[in-house]
Amino acid sequence: MGLLDGKVALVTGAARGIGKAIALKFAAEGADVAITDLVINEAAEETVAEIGAYGHKVRAYASNAADFEETHKVVEQIHAEFGHIDILINNAGITKDGLMIKMTEQQWDAVLAVNLKSAFNFIHALTPIMMRQKGGSIVNMSSVVGVHGNACQCNYAASKAGLIALAKSISQEMGRKGIRANAIAPGFIDTPMTMALPEDVRKGWLEKIPLRRGGTVEDIANVATFLASDMSSYVSGQVIEVDGGMNM
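Procedures and definitions
- Residues numbered from 1 in each chain as written.
- Predicted model: local features only at pLDDT ≥ 70, side-chain atom pairs only at ≥ 80, totals over all residues.
- Heavy atoms only, no water.
- Axes fitted to C-alpha atoms, helices over the stretch in contact; angles between N-to-C directions.
- Helix = DSSP H or I, 4+ residues; strand = E, 2+ residues; numbered from the N terminus.
- Parallel < 35°, antiparallel > 145°, perpendicular 65-115°, else oblique.
- Left-handed = near helix turned anticlockwise from the far one by under 90°.
- Contact = heavy atoms within 4.5 Å.
- Salt bridge = Lys/Arg side-chain N within 4 Å of Asp/Glu carboxyl O.
- Phe/Tyr/Trp six-rings, centres within 6.5 Å; stacked < 30°, edge-to-face > 60°.
- Lys NZ or Arg CZ within 6 Å of the ring centre and 35° of its normal.
- Buried < 20%, exposed > 50% of the residue type's maximum accessible area, 1.4 Å probe, protein only.
- Right-handed = clockwise from strand over helix to strand, strands pointing away.
- Patch = residues over 30% accessible without salt bridge, like charges linked within 9 Å, V, L, I, M, F, W, Y side chains within 5 Å.
- Areas by Shrake-Rupley, 256 points an atom, 1.4 Å probe, with all protein chains shown as cover.
- Pairing = 2+ DSSP bridges.
- Expected span 1.5 Å × (residues − 1).
- Core = buried A, V, L, I, M, F, W, Y, C linked by side-chain atoms within 4.5 Å.
- Nonpolar A, V, L, I, M, F, W, Y, C, P; charged D, E, K, R; others polar.

*Asks:* Is there a simple way to think about the packing of helix H1 (residues 17–28) against helix H9 (residues 217–228) in this case?
*Replies:* Each packed pair of helices is defined by two parameters, the angle between the axes and the distance between the axes. With their axes 8 Å apart at the nearest point, H1 and H9 run at an angle of 50 degrees to one another. Classified by the angle their axes make, H1 and H9 are oblique. Of the two possible hands of crossing, H1 and H9 adopt the one that is right-handed. Where H1 abuts H9, its residues Gly17, Ile18, Ala21, Ile22, Lys25 and Phe26 lie against Val217, Ile220, Ala221, Asn222, Ala224, Thr225 and Ala228.

Structure representation (structure tokens):
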């Protein structure tokens, strides 16, 4: 018996990285999984094959998460093909870092659209479905940067802080309908991007972390599984920082 047996999960931005790890973990725990990404390329197809190896239904959908109408259409399609949607993981995200004084309007707008508006789009499309089902779990993928801020990432930090406030607001608004909403705030996670950082930069990060290691995508997927499952049935409106104690 898996923690997510009989559930259908929708994970955005899931072709690679944290989104992929979450989708794989959900399938391992018994869920059918729909993943979305901007394009369905070879990486997305490989992710679908890996998820399918668990023997559960899986399909990838090309979707611009920042587009309101396109999001509603893809959610309708997923609902029609899977029958119900119990879990939403708002993971789609990009970065366009830079000093505020040099940041362009395009950099600001692009990050807010993909990181924050996309979550609004999917929640807006999914809450009527979850209301009819009398339940559901929404998880917004935020960041410790959204809690504590970070120089040269004002657009990214603002979008991730917005995801926290959005989850808290939805938890209050939809709780009476049995819909829970929470946020995960990852810290320094070992990904191809962070592994490519200069050694002195990585060392500086790790010295700030009491556990003295970077997190893994599986660490994030484990917390997402808890929040998606009935084990967290009385947990809503919360932010879980998965950062090895870096920001205590």
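*Asks:* Explain the pattern of salt bridges to me, please; I cannot follow it from the model alone.
*Replies:* It is possible for side chains of opposite charge to pair when their charged atoms get near one another. Applying the stated criterion across every chain, the model contains seven salt bridges. Between Glu29 and Lys25 there is a salt bridge, and its shortest N-O distance comes to 3.7 Å.

*Asks:* Looking at this structure, how should I read the packing of aromatic side chains?
*Replies:* Aromatic ring pairs are reported here in terms of the distance separating the ring centres and the angle at which the planes meet. Using the criterion set out here, one finds two aromatic pairs in the structure. Here Phe68 and Phe120 contribute two aromatic rings whose centre-to-centre distance is 6.0 Å and whose plane-to-plane angle is 20 degrees, an arrangement assigned as stacked. Here the residue Phe68 occupies a position in helix H3 (residues 68–82), and Phe120 occupies one in helix H4 (residues 105–133), the gap between them amounting to 52 residues. In this arrangement the basic side chain of Lys57 is found over the ring face of Phe82, its NZ or CZ atom lying 4.5 Å from the centre.

*Asks:* In this structure, what is going on with the pairing of strand S2 (residues 32–37)? I would like to understand it.
*Replies:* Each regular strand carries side chains that alternate between the two faces of the sheet. Here S2 lies mainly inside the structure; five of its six residues are buried. Considered for its hand, the β-α-β crossover made up of S2, helix H2 (residues 42–52) and strand S3 (residues 58–62) is right-handed.

*Asks:* Looking at this structure, I do not really get a nonpolar patch on the surface. What am I missing?
*Replies:* Taken together, the side chains of Leu3, Phe226 and Met231 define a hydrophobic patch exposed on the protein surface, amounting to about 270 Å² of accessible area. For Met231, the position within the fold is in the loop between H9 and strand S7 (239–242).

*Asks:* I would appreciate a short explanation of the sheet that holds strand S4 (residues 87–90) in the present structure.
*Replies:* Whether parallel or antiparallel, the strands of a sheet pair through hydrogen bonds between backbone atoms. Taken in spatial order, the seven strands make up an open sheet running S3-S2-S1-S4-S5-S6-S7, and their pairing is parallel. Only two strands of the sheet have a single neighbouring strand rather than two, namely S3 and S7. The mean inter-strand angle of the sheet, taken between neighbouring strand axes irrespective of direction, is 15 degrees. The pairing of strand S1 (residues 8–12) with S4 spans three bridges and is parallel. Bridge pairing in S4 links Ala9 to Ile87. Here H3 sits on the sheet and contacts S1, S2 and S3; the angle it forms with S3, its principal contact strand, is near 160 degrees. With respect to the sheet, helix H6 (residues 154–174) is in contact with strand S5 (136–141), strand S6 (179–186) and S7, its orientation differing from that of S6 by roughly 160 degrees.

*Asks:* Just to check I follow, could you spell out H9 for this structure?
*Replies:* At 3.6 residues per turn, the α-helix brings residues three or four places apart onto the same side. Between its first and last C-alpha, H9 extends 16 Å over 12 residues, near the 16 Å set by a 1.5 Å rise per residue. For H9, every residue scored as buried is listed here: Val217, Ile220, Ala221, Val223, Ala224, Thr225, Leu227 and Ala228. Buried residues belonging to H9 abut H1, S4, S5, S6 and S7.

*Asks:* Would you mind showing me how to read the nonpolar core here?
*Replies:* Generally speaking, nonpolar side chains in soluble globular proteins are found buried as a group. Residues Val11, Ile22, Phe26, Val33, Ile51, Ile89 and Ile184 are the most contacted members of the largest nonpolar core, which totals 31 residues. Here Ile51 is in contact with Ala23, Leu24, Ala27, Val33, Ile35 and Val58, once residues within four sequence places are set aside. With 29 residues, the next largest nonpolar core counts Ala65, Phe82, Leu166 and Ile179 among its residues.

*Asks:* It is not clear to me how the pairing of S1 should be interpreted in this structure. Could you clarify?
*Replies:* A large share of S1 lies buried, amounting to five of its five residues. Looking at chain direction, S1 and S2 are connected through five bridges and run parallel. Each residue of the ladder has a partner; that of Leu10, found in S2, is Ala34. Viewed along the sheet, the connection from S1 through H1 into S2 turns out right-handed.

*Asks:* When you look at H1 in this model, what are you seeing that I'm missing?
*Replies:* In a regular helix each residue adds 1.5 Å, so 12 residues correspond to 16 Å; H1 covers 17 Å between its end C-alpha atoms and thus fits that length. Across the 12 residues of H1, nine count as buried, placing the element largely inside the fold. Residues of H1 that are buried: Ile18, Gly19, Lys20, Ala21, Ile22, Ala23, Leu24, Phe26 and Ala27.

*Asks:* Just to check I follow, could you spell out the packing of H3 against H4 for this structure?
*Replies:* Closest axis-to-axis distance for the H3/H4 pair is 8 Å, and the angle between their directions is 35 degrees. In the crossing of H3 with H4, the sense of the turn from one axis to the other is right-handed. Where H3 approaches H4, its residues Phe68, Thr71, His72, Val74, Val75 and His79 are matched on the opposing element by Phe120, Asn121, Phe122, His124, Ala125, Leu126, Ile129, Arg132 and Gln133. Residue composition of the contact of H3 with H4, grouped by class: eight nonpolar, six polar and one charged.

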